[in-house]
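Summary of structural features
Each chain, written out:
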Amino acid sequence: MVDQTPIANTPMMVKTADPYSTLVLSPFDDPYIPTNTYPNLPDYPAGEEREVTVLQTGQTDYPWQVTNFQKPKKEDLIIYEVLVRDFDGDRNFQDLIDKIDYFKNLNVNAIQLMPIMEFEGNESWGYNTSFHMALDKFYGTEDKLKEFVDLCHQNGIAVLLDVALNHAFGRNPMVRMWMEDPDNDGWGAPSSENPYFNQEARHSYNVGSDFNHSNPLTKAYVKQVVNHWVSNFHIDGLRWDLTKGFTQNCTASDENCTNAYQSDRVAVLKDYADYSWSLDPEHYVIFEHLGTNTEEKEWADYRVSRRSRWHFKRHPTLGKNDRFLCRTLKRLCRTRRYFRSGSQQS
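Residues numbered from 1 in each chain as written. Predicted model: local features only at pLDDT ≥ 70, side-chain atom pairs only at ≥ 80, totals over all residues. Heavy atoms only, no water.

Details of the environment of Leu-269
- Its place among the elements puts Leu-269 in helix α8 (residues 263-279).
- Here Leu-269 falls in the buried class, since its relative accessible area comes to 0%.
- Distance from Leu-269 to His-213, taken between C-alpha atoms, is 9.3 Å for residues 56 residues apart in sequence. (Helix = DSSP H or I, 4+ residues; strand = E, 2+ residues; numbered from the N terminus. Buried < 20%, exposed > 50% of the residue type's maximum accessible area, 1.4 Å probe, protein only.)

Quick look at the packing of helix α6 (residues 216-233) against α8
- Put simply, α6 and α8 touch, their axes get as near as 10 Å, and they point 35° apart. The two elements α6 and α8 cross, and the hand of that crossing is right-handed. Here Thr-218, Lys-219, Val-222, Lys-223, Val-226, Asn-227 and Val-230 of α6 come into contact with α8, specifically with Val-268, Asp-271, Tyr-272, Tyr-275, Ser-276 and Leu-279.
- A per-class count over the contact of α6 with α8 returns seven nonpolar, three polar and three charged. (Axes fitted to C-alpha atoms, helices over the stretch in contact; angles between N-to-C directions. Left-handed = near helix turned anticlockwise from the far one by under 90°. Contact = heavy atoms within 4.5 Å. Nonpolar A, V, L, I, M, F, W, Y, C, P; charged D, E, K, R; others polar.)

Describing the confidence of the model for the protein chain
- Counting all residues, the mean pLDDT for the protein chain is 86, and 84% of those residues have values of 70 or more.
- Counting contacts from residues 1-8, a segment whose pLDDT is below 50, to residues more than four positions away or on other chains yields zero contacts.
- A low-confidence stretch, residues 305-346 stays under pLDDT 50, and its non-local contacts, those more than four residues away or across chains, total 117 contacts. (pLDDT = per-residue confidence, 0-100.)

A closer look at empty space enclosed by the protein
- According to the stated counting rule, one finds one cavity of 30 Å³ or more in the structure shown.
- By volume, the largest cavity amounts to about 40 Å³.
- Forming the boundary of the largest cavity are Thr-16, Ala-17, Arg-50, Glu-51, Arg-171, Pro-173, Arg-176 and Trp-187.
- Here the residues of the lining of the largest cavity sort into three nonpolar, one polar and four charged. (1 Å grid on protein atoms, 1.4 Å probe; cavity = no way out; pocket = protein on both sides within 12 Å on 5 of 7 lines; lining within 4 Å. Points joined across faces, edges and corners; volume = space filled by probe spheres on them.)

Here we look at unusual backbone geometry
- Not every positive phi belongs to a glycine, and Asn-40 is a case in point at roughly 60°.
- One can find Asn-40 in the loop between β1 (24-25) and β2 (52-53).
- Accessibility expressed as a relative area gives 75% for Asn-40, which makes it exposed.
- The residue His-234 is not glycine, and still its phi comes out positive at about 60°.
- Mapped onto the elements, His-234 comes out in the loop between α6 and β12 (237-240).
- Note on His-234: relative accessible area 23%, which makes it partly exposed.

Let's talk about the state of the cysteines
- Overall, the coordinates contain one disulfide when judged by the stated rule.
- Each sulfur of the disulfide joining Cys-250 and Cys-257 lies 2.0 Å from the other. The S-S bond linking Cys-250 to Cys-257 shows a torsion near -75°; that makes this disulfide left-handed.
- Classification of Cys-250 by relative accessible area gives buried; the value is 1%.
- We classify Cys-257 as buried; its relative accessible area is 15%. (Disulfide = S-S within 2.5 Å.)

Structural notes on helix α4 (residues 142-154)
- Here α4 is 13 residues long and its end C-alpha atoms lie 18 Å apart, about the 18 Å a rise of 1.5 Å per residue gives.
- For α4, the set of buried residues is Leu-145, Lys-146, Phe-148, Val-149, Asp-150, Leu-151, Cys-152 and His-153.
- Residue Gly-156 follows α4 closely and has a positive phi angle near 75°. (Expected span 1.5 Å × (residues − 1).)

Below, the structure written as structure tokens:
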């Protein structure tokens, strides 16, 4: 008889989707996606239990009508923030397309979409992201998002994406490939060997698993995510969620440290912004970040000779009023020029 008692530290096979997936199928979420939102959704393969990657070859390129969009000046931005889930009845990109005249009548010149990357579940603000390069199918297809961006550009409206790259949640393949799984159910928190995530959060505002942005692998992944949305979807700017967390110097219990100037955080955020500007010199960089005067001044003065300014925004949180802060070379943007759609998440 063969002894089948598990041996401590025995390697286990973990089946995951590709972290760089642009389309994933989920047995948990896909059955509840309306066919009018995502027609011809591929069938989930038999015998699997979690998200799987779909590889699609021979796809037809989207026929962009606008390929040289002239972005509004940063200091003139009037941003309307949209949670697709709560914007209109069908909860999809077609709703946004159908309401282009509504946006134009508001005289906004930029629309910021709350996270639309594949997140856990279908009902969410989207900050529980699991695949940063895959579009969440509950909102529609890639071509529908491209159609919306193209239509906005035809009408002089820039499109920005809200991205949650401070953290990821348990379905993320890079969490699952190096995880502690004491009950052997296929889910767990990052292990000490995980090159992408910290075992314990290194700042005081964390949710999910905390990315280690000092690691070159994490930096390469983040830049690939940025390139995907800018190059393939013609996205004009990114609003980076929870940028105070992009440090390795603090602990979850030390809020004073998180709020203080952190040179490693400044360096990595500058690196990410530089990469965005290498793809598009006029790309908008917006941070959810109110820091010390020293830190904000350093960012506000960064690369001003090339007319690239850092922008900061206080994102609405439960129980607090919306505030928008935009640092430019000589003045603040007018705070009331910021619109938001969608209800507070319960």
